[in-house]
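# Overview (structure and organization)
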Amino acid sequence: MRFVLKKILTLAVTVLAISFIVFLAFSVIPGDPALMLLGGESDPAKVEALRQKMGLNDPVIVQYERWLAAFLRGDMGTSYKYSMPVTRLLADKVPITLALSAEAFLLMVVLSIPLGIYSAKHEGSAADRFLVVCNQVVMAIPPFFSGILITYLFGMLLHLFTPGGYVSFREDLGAFFAYLFFPALAIAIPKIAMAVKLLRSSVLTESKKDYVRTAYSRGNSTNSVLYGHVLKNALLPAVTFFGMAIADMIAGSIIIEQVFGIPGLGKTLLTSIGNRDYPVIEAIIVLIAVIVVASNVLVDILYQVLDPRIEID
Amino acid sequence: MGKTLLDVSDLNIEFHDHQAPERVVRDFDLLMEEGEIVGLVGESGSGKSMSAMAIAGLLNRHEIEKTGKILFDGTDLLHCSREKLRSYQGSDISIVFQEPMTSLDPVQKIGRQVEESLKIHHPDLSEQERQNRMLKSLSDAGLPDPAGVAREYPFELSGGMRQRVMIAAAMIDDPRLLIADEPTTALDVLIQEQIIELLRRINRERGTAVLFISHDLSLVNRLCSRVLVMHHGKVIETGRSSEVFQNPNRDYTKKLIASIPRVNLQRPRDNDRDVHPEVSPAPTGKNALSVKDLSVFYTSRGKGFFGRTQKTEVVHHVSLDVGEGEILALVGASGSGKSTLARAVAGLNPLHTGTIELPDGRPQMVFQDPYNSLNPAYTIRWLLEEPLRLAGVNDEKERKKRVDEMMELVHLDKTLGDRYPSQLSGGQRQRVCIGSALMQKPKLLIADEPVSALDVTIQVEILSLLKRLQRELGLAVLFISHDLRTVWQLCDRVAIMKDGLIVDQGDVDEIYLHSQSEYTKQLLQAACIVRREEQ
């Protein structure tokens, strides 16, 4: 329990640090938000009045404190572009991106573990060699490109889904997840290839260890040695990889949302960057940071459950 | 004659991993009766472990070709189905391995691992029944608090306890044959003795036949009624152990027996020192190392929210001197603090109080494991040159000359210079380690169990080398060991450590013959060194 608390505390500190760096970055970026709000009108007196009103003339640290306090209350500021609260703007986007990343993550775990085990168990067989080559190729394909290929193959040739036919989760939850399947696959594919490669070598390394010989000497069959002893040990490096993959998947979703026309955080982020809509960008970056750091904390906790050698203090 | 339990005939084992097939066991024959203890002796690479693995049914890779017969109770284990073989494994035939540290599954609780054989062979047993037998097996193996141990993970136990756990797991289904593959090699003398006693008791009380594999002839002589000596994959001599031990027929067996460090307290020490009868250089009266009131600490992360680091004292207020050109032995069980003390002296652990005086400059270290202490990516010549480069010897010719001299000094053939560590034997690697430690011409060498990982015949060579270096270079050595027999052969003085304290110290003859320290007596007894008054 102590361990969990400690991890959560680290999480809070990390997120705080990230939010400060992000805030600082946006306060030194050239471009006056007041000027931008006024839409190119250049009456210096008006601009100055707005700057005063927005608190832009205060020291950065004071501005940051104000921003943080508001953020913690759930007020992420007001979008420059749409003149509506950022919170309301993002409320509909966060679940979409979360769902997309979660689906990609699940696909990765569910597909890579059996494939990795199969590949290791049948080391040197035709199927194993095919998988190894496949992995090499797939690993080199960036998600946006596999997204395009998938759209073409499954969408336009096989008609398994309608490209651009996104369904809101408010309308039909089933159809929503069904539409996300292929984008999630596009994000997951390179990660699956890496995870299969990692698991394959991890299972093979573990299989040569002394405790495996001991397990055989007790009369275990190959399968019970594999699933009863080797697998848990071999999964340890994979769990670390899965944790690191989460961050990449969220980053990947930003681009994939464009390819598949999904109105998630990523799409909003890109539009906001185009519009220099700083409050929205800040909020999205901090949200993504929270998700990434939190998922890493989860992985750390999971790792400890799997491996008793990690000290519990 | 008892009932035949195991009848191995014409066993041949061939590896087909590489281009040319490699035959590791040739025409191996072995007949074992119920309840018998048979020893299988040989050096590394002699094929003794391979034969044992084949009997235990653990050589199933396709690359390994086995021919011959392994009849266990009339069934040929070599030519039966996998299912049939598995029905014997862990039930009638059990095996205990050399490495208790790695032979247990690191992420599974002890209890589950111990009861695994029962689960496989008696799936109808109730949970409760299985649990009871598991606890009984742990307690039979001499583990106090079996219920507590069952809930722990392997990393929480010491080496000796893990080996007991391995034995408990092997014995849980009352096997008729227990194969013990060097079960004590990785353990301390005192623990070693306890494990041997445990095997003896298992044999006596349960009638389990034991096939005991070891490179230590004297251990085999004490435990086994019969012995087989293996060399280059062949059994070269077999017979009752006492006869083989006293009247070996083959030259190789004679050599093996001669390599066992002998300790006979009834005659002057030089009689036992057949490998290096030279006397030590006369004391100069100056010290190469002088340690006063030394305490050494380790830090560990403390518990609690902000976990302050905590210091643990491992060595307590120790004082000792090593004279110039003297070999001082530091003896103790694992965890006694002897290596910690040595690391502090070598400057590898700055967390200490007290004084360490090194009038002749920094000492160099040689470690136990010559397999892992050399960087595998560089040639021998490069490794030997490295200390010179670090010392700023920039002249390439000068470096080459000094490496050549060093290779000659430690008896390394010049042709080995361009090889990599993996292409050298264990003894050669340890020579490289010693050579590279001596490149900067230290006056003090710290040798941390430098021969424990080597075969007996190689041990003798390395010990002779150290003795010669002492004489020729006036080198002082702090020799860390747990083997009192080696110490008798090599060292001038001895300090005995227990729980971070030096409990006994003095000239080797004096300590071995007359020490009144209880702990010293225990250690001597475990090493089978007998004083006259105790005979």
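Residues numbered from 1 in each chain as written. Chains lettered and ligands numbered in written order. Predicted model: local features only at pLDDT ≥ 70, side-chain atom pairs only at ≥ 80, totals over all residues. Heavy atoms only, no water.

### Observations regarding the overall build of chain A
The test is simple: Helix numbering and strand numbering both begin at the N terminus, where a helix is a DSSP run of H or I of at least 4 residues and a strand a DSSP run of E of at least 2. Any residue under 20% of the maximum accessible area for its type is buried, any over 50% is exposed, and the rest in between are partly exposed; the area is computed with a 1.4 Å probe on protein chains only. Pairs of residues are marked as contacts when any of their non-hydrogen atoms sit within 4.5 Å. Accessibility throughout is a Shrake-Rupley quantity obtained with a 1.4 Å probe, and a residue counts as covered only by protein chains that appear here. Positive: Lys, Arg. Negative: Asp, Glu. His and the chain ends are not part of the count. Note on charges: their place is set at NZ of Lys, CZ of Arg, CG of Asp or CD of Glu.
The helix and strand inventory of chain A stands at 13 helices and zero strands. Starting at the N terminus, the α and β elements of chain A follow one another as α-α-α-α-α-α-α-α-α-α-α-α-α. Oriented by its inertia axes, the alpha-carbon framework of chain A measures out at about 85 × 55 × 35 Å. Taken across its 313 residues, chain A has 44% of its residues classed as buried. Put simply, 72% of the contacts in chain A that link residues at least 6 apart link residues at least 24 apart. Split by element, the accessible area of chain A, about 15400 Å² in all, is 70% carbon and sulfur. Between the centroid of the 25 positive side chains of chain A and the centroid of its 23 negative side chains there is a distance of 7 Å.

### Thoughts on the overall build of chain B
We count it as follows: Values of the radius of gyration come from C-alpha atoms, whereas the globule rule sets the reference at 2.2 Å times the count of residues to the power 0.38.
A count of helical and extended segments in chain B gives 19 helices and 19 strands. Here chain B has a C-alpha radius of gyration of 25 Å; the compact-globule value for 535 residues is 24 Å, and the two agree. Dimensions along the principal axes, computed over C-alpha positions, put chain B at roughly 70 × 60 × 55 Å. Put simply, 69% of the contacts in chain B that link residues at least 6 apart link residues at least 24 apart. Of the roughly 23700 Å² of accessible surface on chain B, 48% is carried by carbon and sulfur atoms. Distance from the positive charge centre (66 side chains) to the negative charge centre (77 side chains) of chain B: 2 Å.

### Structural notes on the sheet that holds strand β8 (residues 209–214) of chain B
All names here are of chain B. Note the threshold: For two strands to be treated as a pair, DSSP must find at least two bridges joining them. Fitted lines through C-alpha atoms give the axes, limited to the stretch in contact for helices. The angle between two N-to-C directions lies from 0 to 180 degrees.
Strand order across the open sheet formed by six strands is β6-β7-β8-β3-β9-β10, with mixed pairing between neighbours. Lying at the two open borders of the sheet, with one neighbouring strand each, are β6 (93–96) and β10 (234–240). Strand after strand, the sheet turns through a mean of 15° between neighbouring axes, direction not considered. Here strand β3 (residues 37–41) runs beside strand β9 (residues 226–231); their pairing, made up of four bridges, is parallel. Bridging from a neighbouring strand, Val38 pairs with Arg226 of β9. Sitting on the sheet, helix α1 (residues 48–55) touches β3, β6, β7 (177–181), β8 and β9, and the angle it makes with β7 is about 150°.

### Here's the deal with the confidence of the model for chain B
Low-pLDDT portions of the prediction should not be read for the details of their coordinates. All names here are of chain B. So the rule is basically this: Residue-level confidence of the predictor is summarised by pLDDT, bounded by 0 at the bottom and 100 at the top.
With 94% of its residues at a pLDDT of 70 or more, chain B shows a mean pLDDT of 88. No element of chain B has a lower mean pLDDT than helix α11 (residues 251–259), which averages 86, and none a higher one than β6, which averages 96. Model confidence for the complex: the whole-complex pTM is 0.80, and ipTM, which rates the interface, is 0.78.

### Quick word on the interface of chain B and chain A
Interfaces are often sized by the accessible area lost when the parts come together. The criterion, for reference: What counts as buried area is the accessible surface, traced by a 1.4 Å probe, that two parts surrender upon association, with contributions from both included. Salt bridge, as applied in this entry: a Lys or Arg side-chain nitrogen positioned within 4 Å of an Asp or Glu carboxyl oxygen. Here a polar contact is taken to be a pair of N or O atoms separated by no more than 3.5 Å, where protein atoms must pair a possible hydrogen donor with a possible acceptor and residues adjacent in sequence count only if both atoms sit in side chains.
On the side of chain A, 25 residues touch chain B, which itself brings 31 residues to the contact. Overall, the association of chain B and chain A removes approximately 2600 Å² of surface from exposure, summing both partners, and the carbon and sulfur fraction of that is 53%. Across the salt bridge formed by A:Arg213 and B:Glu99, the nearest N and O atoms sit 3.5 Å from each other. At the boundary of chain B with chain A, the tally comes to 15 residue pairs in polar contact (both at pLDDT 80 or more). Of all the secondary-structure elements, those providing two or more residues to the side of chain B that touches chain A are α2 (82–88), β6, α4 (116–121) and α7 (159–171) of chain B.

### A word on the confidence of the model for chain A
Mean pLDDT over chain A stands at 86; residues scoring 70 or higher make up 97%. Element-level pLDDT for chain A is lowest in helix α2 (residues 33–37) of chain A, with a mean of 72, against a maximum mean of 94 in helix α10 (residues 210–217) of chain A.

### Topic: the nonpolar core
Residue and element names in this part refer to chain B. We count it as follows: In these notes, a set of buried Ala, Val, Leu, Ile, Met, Phe, Trp, Tyr and Cys residues joined through side-chain atoms within 4.5 Å is what counts as a nonpolar core.
Of all hydrophobic cores here, the largest spans 83 residues; its most connected members are Phe28, Leu30, Ile55, Leu138, Leu177, Ile179 and Phe212. Among the elements that take part in this core, α7 stands out by supplying seven residues, more than any other. Here Phe28 is in contact with Val8, Ser9, Asp10, Leu11, Leu40, Ser51, Ile55, Leu228, Met230 and Val235, once residues within four sequence places are set aside. Among the nonpolar cores identified, the runner-up in size contains 56 residues, and Ala329, Leu409, Leu416 and Ala527 belong to it.

### Examining the packing of aromatic side chains
Put simply, the rule reads: Pairing of aromatic rings covers Phe, Tyr and Trp, the last counted by its six-membered ring, and requires centre-to-centre distances within 6.5 Å; plane angles under 30 degrees mean stacked, over 60 mean edge-to-face, and any other angle means tilted. When the NZ atom of lysine or the CZ atom of arginine is within 6 Å of a ring's centre and also within 35 degrees of its normal, the charge is said to sit over that ring.
Applying the stated criterion to the full structure yields 21 aromatic pairs over all chains. Aromatic side chains A:Phe161 and A:Phe182 sit 4.8 Å apart centroid to centroid with 20° between the ring planes, which places their arrangement in the stacked category. Here A:Phe161 is found in the loop between α8 (143–157) and α9 (173–207), whereas its partner A:Phe182 is found in helix α9, with 21 residues between them in sequence. Members of the aromatic cluster, joined through ring pairs, are A:Phe154, A:Phe161, A:Tyr166, A:Phe169, A:Phe176, A:Phe177, A:Tyr179, A:Phe181, A:Phe182 and A:Phe260. Above the ring of B:Tyr519, the side-chain terminus of B:Lys498 is found at 5.2 Å from the ring centroid.

### A look at the sheet that holds strand β19 (residues 501–507) of chain B
All names here are of chain B. Across the sheet, which stays open at both edges, the six strands sit in the order β15-β16-β17-β13-β18-β19 with mixed pairing between neighbours. The sheet is open, and its two borders are formed by β15 (364–366) and β19, each paired with just one other strand. Neighbour to neighbour, the strand axes of the sheet diverge by 20° on average, direction disregarded. The pairing of β15 with strand β16 (residues 444–448) spans three bridges and is parallel. When the bridges of β16 are listed, Val366 appears paired with Ala447. Seen against the sheet, helix α15 (residues 426–438) touches β15 and β16 and runs at an angle of roughly 175° to β15.

### Topic: helix α7 (residues 126–139) of chain A
Residues and elements named next belong to chain A. Note the following rule: The span one expects for a helix is its residue count, reduced by one, times 1.5 Å. Each direction from the helix axis to a C-beta atom contributes to the arc, which is the arc of those directions.
Between its first and last C-alpha atoms α7 spans 20 Å; for 14 residues at 1.5 Å apiece the expected length is 20 Å, and the two agree. Listing the buried residues of α7 in full gives Asp128, Leu131 and Asn135. Projection of α7 onto a plane perpendicular to its axis shows the buried side chains occupying an angular sector of 60°, all on one side. For α7, the exposed residues lying more than 90 degrees away from the buried face are Ala126, Arg129, Phe130, Val133 and Val137. Against the buried residues of α7 lie α6 (93–121) and α9.

### Digging into the layout of surface pockets
Residue and element names in this part refer to chain A. This is how the line gets drawn: Think of a 1 Å grid over the protein atoms and nothing else: a 1.4 Å probe that fits but is trapped marks a cavity, an open set flanked by protein within 12 Å on at least five of seven lines marks a pocket, and residues with an atom within 4 Å of a point count as lining. Grid points are joined across faces, edges and corners, and a volume is the space filled by probe spheres set on the points. For this classification, the nonpolar set comprises Ala, Val, Leu, Ile, Met, Phe, Trp, Tyr, Cys and Pro, the charged set comprises Asp, Glu, Lys and Arg, and every other residue, Gly included, is treated as polar.
Here the second largest pocket defines a volume of roughly 760 Å³. Along the wall of the second largest pocket there are 26 residues; nearest its centre are Met54, Leu56, Gln63, Trp67 and Tyr80. When the residues that make up the lining of the second largest pocket are grouped by side-chain class, the tally is 13 nonpolar, eight polar and five charged.

### Some points on empty space enclosed by the protein
Tallying each qualifying case throughout the model produces three cavities of 30 Å³ or more. As a volume, the largest cavity reaches approximately 70 Å³. Forming the boundary of the largest cavity are A:Thr214, A:Ser217, A:Arg218, B:Gly90, B:Ser94, B:Ile95, B:Ser117, B:Met166, B:Ala169 and B:Ala170. Elements represented by at least two residues in the lining of the largest cavity include exactly α10 of chain A together with β6 and α7 of chain B. For the lining of the largest cavity, a count of residues per class yields four nonpolar, five polar and one charged.

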